[in-house]
Amino acid sequence: MDRFEVTLYPSLAACLPERRPYRQARIAINGQPLIELVRVAEEPWARAEYQERLPEFDNPEEFRFEPGDYHYLTAARLLLPSRELLDRPRDPGFVLGPDNPCRGKATVLGCTCGIVECWFVQVRVQLLAEVVIWSDFGQFHRPLWQYDLGPFTFDRRQYEAQLAQDAEPAAAPATAT
């Protein structure tokens, strides 16, 4: 059985002035940060694409293409009452045909620009009576990339307990005067 962990970033994440700050929900599987697992899985695909596209650029220093270049999502997006990582993943905001393999997948990592749908990783979440299975990882904009991740099988009670954390930061204790 695999272990699913969600750690709420203790402080509010820094944001551009026009955006509200938020708490990140950092996901780990078997003690390994999800971003690191994805980075390793993307490495061969990203490097191959980088080499293929490098001639398109006059200045190679201007072209940066890093595997695993994602942010964790907001606690509000992933933790209960959200059903994103259970049985109701959000529509990624793109028109998808009825047989598109991205349909019905949960978004687990978003773009570093702050717009989740810009560059994101999805996973298929299957809920069974006793377990939750994550499989079929993929980069939405790179359907040919094959991720050597999972399937991961989590104890459903432990998984749901991780999603039941309070997404709101605790209020600072009042100081006596």
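Small disclaimer: the values here were computed from a predicted structure and weren't measured.

Student: Where do I start with the pairing of strand S2 (residues 25–29) in this structure?
Tutor: Consecutive side chains along a regular strand alternate between the two faces of the sheet. The buried fraction of S2 amounts to four of the five residues, a majority that puts the element mostly inside the structure. The pairing of strand S1 (residues 4–8) with S2 spans five bridges and is classified as antiparallel. Looking at S2, one finds that Thr 7 is bridged to Arg 26. Alignment of S2 against strand S3 (residues 32–33), held across two bridges, turns out to be antiparallel. Each bridged residue has a counterpart across the sheet, and for Ala 28 the counterpart in S3 is Pro 33. With antiparallel pairing between neighbouring strands as the criterion, S2 and S3 make up a hairpin whose turn holds two residues, including Asn 30 at a positive phi of roughly 55 degrees.

Student: What exactly am I supposed to notice about the packing of aromatic side chains here?
Tutor: The description of an aromatic ring pair rests on the distance of the ring centres and on the angle between the ring planes. One pass over the full model with this rule turns up 11 aromatic pairs. An angle of 85 degrees between the planes, with centres 6.4 Å apart, marks the rings of Trp 134 and Tyr 159 as edge-to-face. Residue Trp 134 is located in strand S7 (residues 131–139), and its partner Tyr 159 is located in helix H3 (residues 156–163); the two are separated by 25 residues in the primary sequence. Each of the two residues, Trp 134 as well as Tyr 159, counts as buried.

Student: How do you make sense of the nonpolar core when you look at a structure like this?
Tutor: One broad trend across soluble globular proteins is that nonpolar side chains are buried collectively. Leu 34, Leu 85, Trp 134 and Tyr 159 are the most contacted members of the largest nonpolar core, which has 42 residues in total. A total of seven residues in this core trace back to one element, the largest contributor, which is helix H1 (residues 34–53). Residue contacts for Leu 34: discarding those within four places in its chain leaves Ile 27, Ala 28, Ile 29, Tyr 72, Val 108, Leu 109, Trp 134 and Phe 137.

Student: Would you mind going over the sheet that holds strand S6 (residues 121–127) with me for this structure?
Tutor: The pairing of strands in a sheet comes from backbone hydrogen bonds and takes either a parallel or an antiparallel form. Ordered in space as S4-S5-S6-S7-S8, the five strands form an open sheet in which the pairing is antiparallel. Either end of the sheet is taken by a strand with one partner, and the two such strands are strand S4 (70–72) and strand S8 (152–155). Geometrically, the sheet is characterised by an average inter-axis angle of 35 degrees between neighbouring strands, direction not taken into account. Strands S4, strand S5 (106–111), S6 and S7 of the sheet are contacted by H1, whose axis makes an angle of about 155 degrees with S4.

What counts and what doesn't
Residues numbered from 1 in each chain as written. Predicted model: local features only at pLDDT ≥ 70, side-chain atom pairs only at ≥ 80, totals over all residues. Heavy atoms only, no water. Buried < 20%, exposed > 50% of the residue type's maximum accessible area, 1.4 Å probe, protein only. Helix = DSSP H or I, 4+ residues; strand = E, 2+ residues; numbered from the N terminus. Pairing = 2+ DSSP bridges. Phe/Tyr/Trp six-rings, centres within 6.5 Å; stacked < 30°, edge-to-face > 60°. Core = buried A, V, L, I, M, F, W, Y, C linked by side-chain atoms within 4.5 Å. Contact = heavy atoms within 4.5 Å. Axes fitted to C-alpha atoms, helices over the stretch in contact; angles between N-to-C directions.

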